[in-house]
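So you can see what is in the structure, the chains are spelled out below.
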Amino acid sequence: MVSEADPVTDSDSTARSVFIWVSEGTWRAAVDAALSHAPPDASFTLLHVTDDAGPDAAHGAYRGMFGRVGHDPGARLDALATAQAADLLEAAARRLGRPCDRLSMHGNTERAVVTASASAGLLVIARDGDQSRPGPHSLGRAGRFIVDHAICPVLVVWPGPPPRDTPGGPRTPGKPDRKRHSL
Amino acid sequence: MLNAAAGETISLIALLALLAWAVTRPRGWPEAVAAVPAAAVLVAARAIPVSAAVAEARRLGPVIGFLAAILVLARLCDDDGLFRACGGWMARTSAGRPRRLLAQVFVTAAVTTAVLSLDATVVLLTPVVFATAAKLDVRSRPHVYACTHLANSASLLLPVSNLTNLLAFAATGLAFGHFAALMALPWLAVIGVEYAVFSRFFASDLSTGPAGAAPDTADGPGLPRFTLVVVALTLAGFVVASAAGVSPAWAALAGAAVLAARALKGRRITPLGVLGAADVPFLAFVLGLGIVVEAVVSNGLGSALAPLLPTGTSVPALLAIAGLSAALANVCNNLPAVLVLLPLAAPSGAGAVLAVLLGVNIGPNLTYTGSLATLLWRRTLHRHGSAADLAEFTRLGLLTVPAGLIIAVLALWLALHGIGG
């Protein structure tokens, strides 16, 4: 795993440390929820994990075509992925509009998020699964793992307007559903 | 001439060394560095008669020329912005919805693979698809996987879609248009299977799109019309030339020459750049591999494998041929696999040769790249991947390949009976 900034480790600031999982398509809701639920003196860390499966697949597919020379798309996808991670973190930082650390990681997404946020006071994530109806499938593989394994308290929000037929659920688009998990 | 046993032993050692080289790539040197000397050693040791080696080189000559022309054509299409324009089109029409983007990627990757070969999809289209997904703020994994899968499974349609097809084209005895007509139904069928599996397998990734307005994608580049017209005329040239008994390689050469002349005139590429696009070491590798495999087959492997390959074009026979081809493509790699199986399948007619192609083109998706796959994956994992990704890719292969093979074989059987082989 490669980190571009160290996570907050100072024990005094642990309670104020808010980690935000920045993920494709869902990061806006996570940033908004962090802003409305974090304590006023919170210190923010934006956390993005690059999915290396795409670059690896392209690299492997190229290597599987025996004999070709010098046109491996894996390196190009790596560069694109690095730029994308930086762009996402930049966009998230702009939306947050508060001083923040940026953490850019590689590897298994869910494990990276759980490990990096272990000492946080709060981890904010957006649902990464099926958004069409409430229920367990609204969490994807990474989200499910994070909710099940996170050491710190976790705030889970819908990335967009929650499904309308939510019995007793939140009605306001982008508002967190106040589901807190802690171990 | 060595006796057959000694000849077979030395030929097999040469082939295995070549495959080992391809997987480990010592010092990053290309496979040609091993393939050409391996072929030379076999000729010098009389494991293959000089006349047989020359005959194989003559057989491969037009194939290699054809391949070079297609590689150059695809590269110049990329230089002219064709794939960037495809990316713009996908971004605009998908409106930021991952499911719609997946459908666009399927269409683009299937057509690119069919017309400009799997190399174009893997090398030129995949980065554009990745960048498009990033721009739309959707997860790239399903879309990139779709490119790598379709580079193999959507390479059934035309003789130019895959080097395996080019190698087999002459053995089918079919004209270009006839080949395409017979493979159209299997091509569509296997793409359908892939799409059905992908949309379920990646349901979670595909249901998470950016909330709110779609990203601004209005500023995409337009389609390079001249380039598209040249590609269309080249395609028509394949069919017309082949029907007139002229090698369709000439049409490919003409198309590549037109685009190259235009790019050279506009100083967008140098003559050396054109040569680089043709990937000369790759062409040398194909020649070397062809001679090595010919030595292996003629010294005994051919007669040893012959009883394993069913004859005829009944559904069970076609299924067995495609299955065996897919297995061999996974054990070694689809290039040696098709070279070994072609002479065995050819006597049963075009249907059997096309069944071999179904196996060696669809099969590689089963164990990632169909090439001593786990070893390759370990190399890949050393980059930065995780074992979870390997498991996921293998599961995807298990879901798509057997189903795709069976349905494609049934479609081929229907086409053979409907159109006639």
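Residues numbered from 1 in each chain as written. Chains lettered and ligands numbered in written order. Predicted model: local features only at pLDDT ≥ 70, side-chain atom pairs only at ≥ 80, totals over all residues. Heavy atoms only, no water.

1. Quick notes on the overall build of chain B
For step 1, the next point in the chain: If you tally the helices and strands in chain B, you get 18 helices and 0 strands.
For step 2, the next point in the chain: The C-alpha radius of gyration of chain B comes to 21 Å, within 12% of the 22 Å expected for a compact globule of 421 residues.
For step 3, the next point in the chain: Taken along its principal axes, the extent of the C-alpha atoms in chain B is 75 × 50 × 50 Å.
For step 4, the next point in the chain: Here chain B holds 421 residues, and 57% of them are scored as buried.
For step 5, the next point in the chain: Here the contacts in chain B between residues at least 6 apart in sequence split such that 80% fall between residues at least 24 apart. (Helix = DSSP H or I, 4+ residues; strand = E, 2+ residues; numbered from the N terminus. Rg over C-alpha atoms; globule rule 2.2 N^0.38 Å. Buried < 20%, exposed > 50% of the residue type's maximum accessible area, 1.4 Å probe, protein only. Contact = heavy atoms within 4.5 Å.)

2. Let's talk about the environment of Trp158 of chain A
Residue and element names in this part refer to chain A.
For step 1, the next point in the chain: With respect to the helices, strands and loops of the structure, Trp158 is situated in the loop between strand 5 (154-157) and strand 6 (176-181).
For step 2, the next point in the chain: By relative accessible area, Trp158 is classed as buried at 3%.
For step 3, the next point in the chain: Along the sequence, Trp158 and Ala33 sit 125 residues apart, while their C-alpha atoms lie 9.6 Å from each other.

3. Examining the layout of surface pockets
Where empty space is left becomes clear once a probe the size of a water molecule has been rolled over the atoms.
For step 1, the next point in the chain: The space that makes up the largest pocket amounts to roughly 810 Å³.
For step 2, the next point in the chain: When residues of the lining of the largest pocket are traced back to their parent elements, those giving at least two are strand 2 (43-50), helix 3 (73-96), helix 4 (109-116) and helix 5 (141-149) of chain A together with helix 5 (98-135), helix 8 (176-201), helix 9 (203-206) and helix 18 (387-418) of chain B.
For step 3, the next point in the chain: Among the residues making up the lining of the largest pocket, the classes are represented as 11 nonpolar, 10 polar and 13 charged. (1 Å grid on protein atoms, 1.4 Å probe; cavity = no way out; pocket = protein on both sides within 12 Å on 5 of 7 lines; lining within 4 Å. Points joined across faces, edges and corners; volume = space filled by probe spheres on them. Nonpolar A, V, L, I, M, F, W, Y, C, P; charged D, E, K, R; others polar.)

4. Considering the interface of chain A and chain B
For step 1, the next point in the chain: On the side of chain B, 49 residues touch chain A, which itself brings 44 residues to the contact.
For step 2, the next point in the chain: Taken over both partners, the interface formed by chain A and chain B buries close to 4100 Å², and the fraction arising from carbon and sulfur atoms is 56%.
For step 3, the next point in the chain: When residues of chain A are sorted by the area they lose upon contact with chain B, Arg63, Phe66 and Arg68 of chain A head the list and together hold 20% of the total.
For step 4, the next point in the chain: For the pair chain A and chain B, the interface holds 4 salt bridges.
For step 5, the next point in the chain: For Asp119 of chain B, the salt bridge is made with Arg68 of chain A, and the minimal N-O distance between the two is 2.7 Å.
For step 6, the next point in the chain: Here chain A and chain B share 15 residue pairs in polar contact (both at pLDDT 80 or more) between them.
For step 7, the next point in the chain: Secondary-structure elements contributing two or more residues to the side of chain A that touches chain B are helix 1 (27-37), helix 2 (53-64) and helix 3 of chain A.
For step 8, the next point in the chain: Looking at the side of chain A that touches chain B element by element, the count peaks at 12 residues for helix 2 of chain A.
For step 9, the next point in the chain: When the residues that make up the side of chain A that touches chain B are grouped by side-chain class, the tally is 16 nonpolar, 16 polar and 12 charged. (Buried area = accessible area lost by both parts, 1.4 Å probe. Salt bridge = Lys/Arg side-chain N within 4 Å of Asp/Glu carboxyl O. Polar contact = N/O pair within 3.5 Å; in protein donor to acceptor, adjacent residues only side chain to side chain.)

5. Description of the confidence of the model for chain B
For step 1, the next point in the chain: Within chain B, residue pLDDT values average 89, and 92% of them lie at 70 or more.
For step 2, the next point in the chain: As a predicted assembly, this complex carries a pTM of 0.90 together with an ipTM value of 0.88. (pLDDT = per-residue confidence, 0-100.)

6. Re unusual backbone geometry
All names here are of chain B.
For step 1, the next point in the chain: Within the chain, Arg27 stands out as a residue other than glycine whose phi angle is a positive 55°.
For step 2, the next point in the chain: Structurally, Arg27 is set in the loop between helix 1 (4-24) and helix 2 (32-44).
For step 3, the next point in the chain: Unusually for a residue other than glycine, Asp279 sits at a positive phi of about 55°.
For step 4, the next point in the chain: Note that Asp279 resides in the loop between helix 12 (271-278) and helix 13 (280-305).
For step 5, the next point in the chain: In this structure Asp279 comes out as buried when scored by relative accessible area, which is 4%.

7. Overview of the packing of aromatic side chains
For step 1, the next point in the chain: Scanning the model with the defined rule gives 10 aromatic pairs over all chains in all.
For step 2, the next point in the chain: Grouping aromatic residues by their ring pairs yields a cluster made of Phe106, Tyr145, Tyr195, Phe198, Phe201, Phe202 and Phe393 of chain B.
For step 3, the next point in the chain: Here the basic side chain of Arg127 of chain A rests over the ring of Trp158 of chain A, its NZ or CZ set 4.7 Å away from the ring centre. (Phe/Tyr/Trp six-rings, centres within 6.5 Å; stacked < 30°, edge-to-face > 60°. Lys NZ or Arg CZ within 6 Å of the ring centre and 35° of its normal.)

8. Re helix 2 of chain B
Residues and elements named next belong to chain B.
For step 1, the next point in the chain: Counted at 1.5 Å a residue, the expected span for helix 2 with its 13 residues is 18 Å, and the 18 Å between its end C-alpha atoms agrees.
For step 2, the next point in the chain: On its buried side, helix 2 packs onto helix 1 and helix 13.
For step 3, the next point in the chain: Looking one or two residues past helix 2, Arg46 carries a phi angle of roughly 60°, positive in sign. (Expected span 1.5 Å × (residues − 1).)

9. Considerations on the environment of Asp78 of chain A
For step 1, the next point in the chain: Among the secondary structure elements, Asp78 of chain A is positioned in helix 3.
For step 2, the next point in the chain: Classification of Asp78 of chain A by relative accessible area gives partly exposed; the value is 21%.

10. Details of the nonpolar core
Here is a general trend for soluble globular proteins: nonpolar side chains tend to be buried in one another's company.
Residue and element names in this part refer to chain B.
For step 1, the next point in the chain: Counting 151 residues, the largest nonpolar core has Leu116, Leu163, Leu167, Phe285 and Leu358 as the members making the most contacts within it.
For step 2, the next point in the chain: Examining the composition of this core, we find that 18 residues originate from one element, helix 5, more than from any other.
For step 3, the next point in the chain: Those residues in contact with Leu163 that lie beyond four places of it in its chain are Val63, Leu67, Leu118, Phe282, Val286 and Leu335. (Core = buried A, V, L, I, M, F, W, Y, C linked by side-chain atoms within 4.5 Å.)

11. Considering empty space enclosed by the protein
For step 1, the next point in the chain: Across all of its chains, the model carries 4 cavities of 30 Å³ or more by this definition.
For step 2, the next point in the chain: In this structure, the largest cavity spans a volume of roughly 170 Å³.
For step 3, the next point in the chain: As for the largest cavity, its lining consists of 20 residues, of which Ala61, Gly64 and Met65 of chain A together with Leu118 and Asn152 of chain B are closest to the centre.
For step 4, the next point in the chain: For the lining of the largest cavity, the elements supplying multiple residues, two or more each, are helix 2 of chain A together with helix 5, helix 6 (141-153), helix 7 (163-172) and helix 15 (334-345) of chain B.
For step 5, the next point in the chain: Grouping the amino acids of the lining of the largest cavity by side-chain chemistry returns 11 nonpolar, 8 polar and 1 charged.
For step 6, the next point in the chain: Volume-wise, the second largest cavity comes out at about 140 Å³.
For step 7, the next point in the chain: If you go around the second largest cavity, you meet 15 residues; those closest to its centre are His71 of chain A together with Leu71, Arg75, Asp119 and Val123 of chain B.
For step 8, the next point in the chain: For the lining of the second largest cavity, the elements supplying multiple residues, two or more each, are helix 3 (50-79) and helix 5 of chain B.

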